[in-house]
Amino acid sequence: MEGKRALVTGGAGFIGSNLANRLAADNEVIALDDCHLGTPENLTDDVQFVDGSVLDDDLPTDVDALFHLAAYSSYTMVEEHKREATRVNVEGFVNTVEQAREDGCDTVVYASTSSIYGSRTDPSPEDMPIEARTCYEASKLARERYAEYFGNHYDVTLAGLRFFSVYQGYGGAEEHKGEYANTVAQFADAIASGEAPVLFGDGTQTRDFTHVDDVVRAIELAADHELEGIYNVGTGESYDFNTMVEMINDELGTDVDPEYVENPLDVYVHDTMADATKLREATGWEPDVGFEEGVARVCEPYLE
């Protein structure tokens, strides 16, 4: 994108701030956030910050493109606050897209989730069967259905991106998320402090770890290509938690063993892996940051 006006909801959060800062190099960017999960400290001076909620009546939606990332963004967070989370994740989506549509915006890119694929060691394509086993997953699926409605009923182009395990590290924009940050960030911070990272089960669970730089590039490309429908954003490779801990130890020059505990979660996705063929064919997107390089980036601030 270049020379456009864009609104990023959840714009002071982890992914949102990375996107807003990237877009602001060539565009006029507004970052809307109620600071429930985000912090304006993540934003550069080039980004206009607005303290507000996606449930507000008068949003700054007079824009060329809407990037809707605002959400209660994890299973535990939503289960603990079902009503408010559902309002934000579903009603907030409808409210923001409707205001943007009324203001003439016809390009929307929004965050969905890969959690709806369940646990899979094979790559998950967008057309495979999905289900909502948690309130979080139900709220993201509702977004996809409402996006379908807006696309069919109005002249609006909406692309839903199912993110896999997005990370950057506490040296980036994840530190404010604390216990809700990606496990790469949490484990690296623990090991750098000489503390044992806590792993559920035996540590053999796997994730398709996708660096936030690759994710925000995918988001921008989705808008540039005016994509419609659903697209996966992931690397197509998975690493288990034990291997991830070994990689962090190697990078930091430490030898901290993990602590294994019984999984306390009622619903838990053990394995994830993306099939991002659809996004690649539509935009040419490929992940640039391999996991080894990504772990090095996460660990670098602790070595300075």
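If you look the chain up in an unreviewed UniProt entry, it shows as NAD-dependent epimerase/dehydratase family protein from Haloplanus rubicundus.

Undergrad: Please clarify how the packing of helix α5 (residues 183-192) against helix α9 (residues 291-303) should be interpreted in this entry.
TA: Helix-helix packing is characterised by the crossing angle of the two axes and by the distance between the axes. Across the interface, α5 lies against α9 with an axial gap of 10 Å and an inter-helix angle of 45°. What the angle tells us is that α5 and α9 run oblique. In this structure, the crossing between α5 and α9 has a hand that is right-handed. Two secondary-structure elements touch here, α5 through V184, A188, D189 and A192 and α9 through F291, V298 and Y302. Counted by class, the contact of α5 with α9 contains six nonpolar, no polar and one charged residues.

Undergrad: Would you explain the nonpolar core in this entry?
TA: Here is a general trend for soluble globular proteins: nonpolar side chains tend to be buried in one another's company. Of all hydrophobic cores here, the largest spans 38 residues; its most connected members are I15, F67, F163 and I219. Counting only elements with at least two residues in this core, the list comes to β1 (5-9), α1 (14-23), β2 (28-33), β4 (65-68), β5 (107-111), β6 (157-163), α6 (212-224) and β11 (229-233). A per-element tally of this core places α6 first, with eight residues. With residues up to four places along the chain from it excluded, the contact list for I219 reads I15, L19, F67, L69, V109, L161 and F163.

Undergrad: Is there a simple way to explain the pattern of salt bridges in this structure?
TA: Between side chains of opposite charge, pairing is possible as soon as their charged atoms come close. A full pass over the atoms with the stated rule returns 13 salt bridges. We note a salt bridge from E137 to R133, for which the minimum N-O separation is 3.8 Å. Look at R133 and you get partly exposed, because its relative accessible area is 33%. One salt-bridge network, in which partners are shared between bridges, spans D213, E293 and R297.

Undergrad: Teacher, can you tell me more about the side chain of T107 here?
TA: Considering the arrangement of structural elements, one finds T107 in strand β5. Here the side chain of T107 touches D106 through a polar contact of 3.4 Å, side chain to side chain. The contacts of T107, once residues within four sequence positions are left out, are D64, A65, L66, T157, A223 and E226.

Undergrad: It is not clear to me how helix α4 (residues 135-153) should be interpreted in this structure. Could you clarify?
TA: Since the α-helix turns once every 3.6 residues, residues separated by three or four places project in the same direction. With 19 residues, α4 ought to run about 27 Å at 1.5 Å a step, and its terminal C-alpha atoms sit 27 Å apart, in line with that. Among the residues making up α4, those that are buried are C135, Y136, E137, S139, K140, L141, A142, R143, E144, A147 and F150. Against the buried residues of α4 lie β4, α2 (75-80), α3 (82-102), β5, β6 and β11.

Undergrad: What exactly am I supposed to notice about the side chain of E137 here?
TA: One can find E137 in helix α4. Judged by relative accessible area, E137 falls into the buried class, the value being 3%. Among residues more than four places away in sequence, those in contact with E137 are S115, I116, E131 and A132.

Undergrad: What am I meant to see in the environment of S139 here?
TA: You can see S139 is positioned in helix α4. In this structure S139 comes out as buried when scored by relative accessible area, which is 4%.

Undergrad: Mind showing me how you'd approach the domain arrangement of the chain here?
TA: Accessible area lost when the parts come together is the quantity often used to give the size of an interface. As far as domains go, the chain holds domain 1 (5-167 + 209-236 + 275-283) and domain 2 (178-206 + 238-273 + 289-302). A separation of 26 Å is found between the C-alpha centroids of domain 1 and domain 2. Roughly 2000 Å² is buried in total at the junction of domain 1 and domain 2, and carbon and sulfur atoms are behind 60% of that figure. It is Y75, Y167 and F209 in domain 1 that bury the most area against domain 2; as a group they hold 34% of the surface buried on that side. Across the contact surface, domain 1 and domain 2 share one salt bridge. Notably, a salt bridge pairs R297 with D213, separated by 2.9 Å at the nearest N-O pair. Between domain 1 and domain 2 we count eight residue pairs in polar contact (both at pLDDT 80 or more) in total. For the side of domain 1 that touches domain 2, the secondary-structure elements that each account for two or more residues are α2, β7 (165-167), β10 (209-211) and α6.

Undergrad: Help me understand the packing of aromatic side chains in this model?
TA: The geometry of an aromatic ring pair is captured by the separation of the ring centres together with the interplanar angle, meaning the angle of the planes. For the structure on display, the rule yields twelve aromatic pairs. Between Y149 and F150, the aromatic rings sit 5.0 Å apart at their centres with planes inclined by 50°, giving tilted as the arrangement. For Y149, a relative accessible area of 35% gives the class partly exposed. An angle of 85° between the planes, with centres 5.7 Å apart, marks the rings of Y167 and F291 as edge-to-face. Taken together, the residues span a long stretch of sequence, with Y167 in strand β7 and F291 in helix α9 at a distance of 124 residues. Residue classification places Y167 among the buried residues on the basis of a relative accessible area of 1%. F291 sits in the buried class, given a relative accessible area of 4%. In textbook terms, an aromatic cluster arises when at least three aromatic residues are bridged by ring pairs, as seen for Y167, F187, F209, Y239, F241 and F291. The residue whose ring lies beneath R101 is Y154, and the NZ or CZ to ring-centre distance is 3.7 Å.

About the criteria used
- Residues numbered from 1 in each chain as written.
- Predicted model: local features only at pLDDT ≥ 70, side-chain atom pairs only at ≥ 80, totals over all residues.
- Heavy atoms only, no water.
- Axes fitted to C-alpha atoms, helices over the stretch in contact; angles between N-to-C directions.
- Helix = DSSP H or I, 4+ residues; strand = E, 2+ residues; numbered from the N terminus.
- Parallel < 35°, antiparallel > 145°, perpendicular 65-115°, else oblique.
- Left-handed = near helix turned anticlockwise from the far one by under 90°.
- Contact = heavy atoms within 4.5 Å.
- Nonpolar A, V, L, I, M, F, W, Y, C, P; charged D, E, K, R; others polar.
- Core = buried A, V, L, I, M, F, W, Y, C linked by side-chain atoms within 4.5 Å.
- Buried < 20%, exposed > 50% of the residue type's maximum accessible area, 1.4 Å probe, protein only.
- Salt bridge = Lys/Arg side-chain N within 4 Å of Asp/Glu carboxyl O.
- Polar contact = N/O pair within 3.5 Å; in protein donor to acceptor, adjacent residues only side chain to side chain.
- Expected span 1.5 Å × (residues − 1).
- Domains from an automatic or database assignment.
- Buried area = accessible area lost by both parts, 1.4 Å probe.
- Phe/Tyr/Trp six-rings, centres within 6.5 Å; stacked < 30°, edge-to-face > 60°.
- Lys NZ or Arg CZ within 6 Å of the ring centre and 35° of its normal.

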